[in-house]
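Next come the chains, spelled out residue by residue.
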Amino acid sequence: QLANALRLSEHHQDAAQRLFQLAVQHNFIQGRKTQHVIAACLYTVCRREKTAHLLIDYSDVLQTNVYMLGSCFLKFTRMLSLTLPIIDPSLYIHRFASRLEFGDKTHFVSMSAPPS
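Residues numbered from 1 in each chain as written. Predicted model: local features only at pLDDT ≥ 70, side-chain atom pairs only at ≥ 80, totals over all residues. Heavy atoms only, no water.

### Here we look at the overall build of the protein chain
A count of helical and extended segments in the protein chain gives seven helices and zero strands. In the protein chain, 67% of the contacts between residues at least 6 apart in sequence involve partners at least 24 apart. With the model as given, the accessible surface of the protein chain reaches about 7600 Å², and the carbon-plus-sulfur share is 55%. (Helix = DSSP H or I, 4+ residues; strand = E, 2+ residues; numbered from the N terminus. Contact = heavy atoms within 4.5 Å. Areas by Shrake-Rupley, 256 points an atom, 1.4 Å probe, with all protein chains shown as cover.)

Below, the structure is given as structure tokens:
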């Protein structure tokens with residue numbers, strides 16, 4: 001449901017499912033909300049694949065505190081000793097430019113932003 005709400009592909013869902021199985025094997029889900037662990041797995045995949053999803057997107061869908069999700073995500077990545085790529089801010093330029101209602105000029109505005 002969470003993956004569908006965020007329009008994630010089958011590839012992303014399969015990769016997150018494998019991470020969730022690792023979480024179960026390491027007993028990471030004990031004492032945590034399953035939805036938070038699922039969000040951490042999906043967000044980890046999105047970070048690896050460099051999609052334009054923010055942790056707050058997951059928080060909005062789950063109607064939960066973004067800091068709680070962030071804490072779960074950080075603990076999860078530390079448990080698995082994962083090093084994830086730094087987020088490239090240029091991934092979000094078009095997304096935010098379209099929300100600012102530039103109309104016909106949205107594409108021009110998003111393309112005129114300086115590269116990072």
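Still more ground to cover, so stick around.
### Details of the nonpolar core
Grouped together as the largest cluster of nonpolar side chains are 25 residues, with contacts concentrated most on Leu8, Leu42, Tyr58 and Phe76. Looking at this core, the elements that each hand over two or more residues are helix H1 (2–5), helix H2 (10–25), helix H3 (34–49), helix H4 (55–62) and helix H5 (66–79). For this core, the element with the highest residue contribution is H3, accounting for eight residues. Once you skip the residues sitting within four places of it in the chain, tyrosine 58 turns out to touch Leu2, Leu6, Leu8, Ala39, Leu42, Tyr43, Cys46, His53 and Leu69. (Core = buried A, V, L, I, M, F, W, Y, C linked by side-chain atoms within 4.5 Å. Buried < 20%, exposed > 50% of the residue type's maximum accessible area, 1.4 Å probe, protein only.)

### Here we look at the side chain of histidine 36
Counting through the fold element by element, histidine 36 comes out in helix H3. At a separation of 3.2 Å, a polar atom in the side chain of histidine 36 contacts the side chain of threonine 64. Not counting residues up to four positions away in its chain, the partners in contact with histidine 36 are Thr64, Met68, Leu69 and Cys72. (Polar contact = N/O pair within 3.5 Å; in protein donor to acceptor, adjacent residues only side chain to side chain.)

### Comments concerning H5
A rise of 1.5 Å per residue sets the reference length of H5, with its 14 residues, at 20 Å; its end C-alpha atoms lie 20 Å apart and thus fit the reference within 8%. Those residues of H5 lying buried are Leu69, Gly70, Cys72, Phe73, Phe76 and Thr77. Looking down the long axis of H5, one finds its buried residues gathered within 165 degrees of arc, a one-sided arrangement. In H5, the exposed residues that point more than 90 degrees away from the buried face are Tyr67 and Arg78. On the buried face of H5, the contacting elements are H2, H3 and H4. Where H5 begins, one side-chain oxygen reaches toward the backbone nitrogen of tyrosine 67, 2.6 Å away; that side chain belongs to asparagine 65. Phi for serine 81, located one or two positions after H5, is positive at around 55 degrees. (Expected span 1.5 Å × (residues − 1). Arc of directions from axis to C-beta.)

### Describing the layout of surface pockets
A volume near 230 Å³ is recorded for the largest pocket. For the largest pocket, the full set of lining residues is Gln1, Leu2, Ala3, Gln13, Ala16, Gln17, Phe20, Gln35, Ile38 and Leu42. Of all elements in the fold, only H1, H2 and H3 reach the threshold of two or more residues within the lining of the largest pocket. The greatest single-element share of the lining of the largest pocket, amounting to four residues, is contributed by H2. Looking at the lining of the largest pocket, its residues break down into six nonpolar, four polar and no charged. (1 Å grid on protein atoms, 1.4 Å probe; cavity = no way out; pocket = protein on both sides within 12 Å on 5 of 7 lines; lining within 4 Å. Points joined across faces, edges and corners; volume = space filled by probe spheres on them. Nonpolar A, V, L, I, M, F, W, Y, C, P; charged D, E, K, R; others polar.)

### Some thoughts on the side chain of threonine 77
As for its position among the elements, threonine 77 is in helix H5. Its relative accessible area of 8% is what places threonine 77 among the buried residues. Leave out the neighbours within four places in its chain, and threonine 77 touches Thr44, Leu82 and Leu84.

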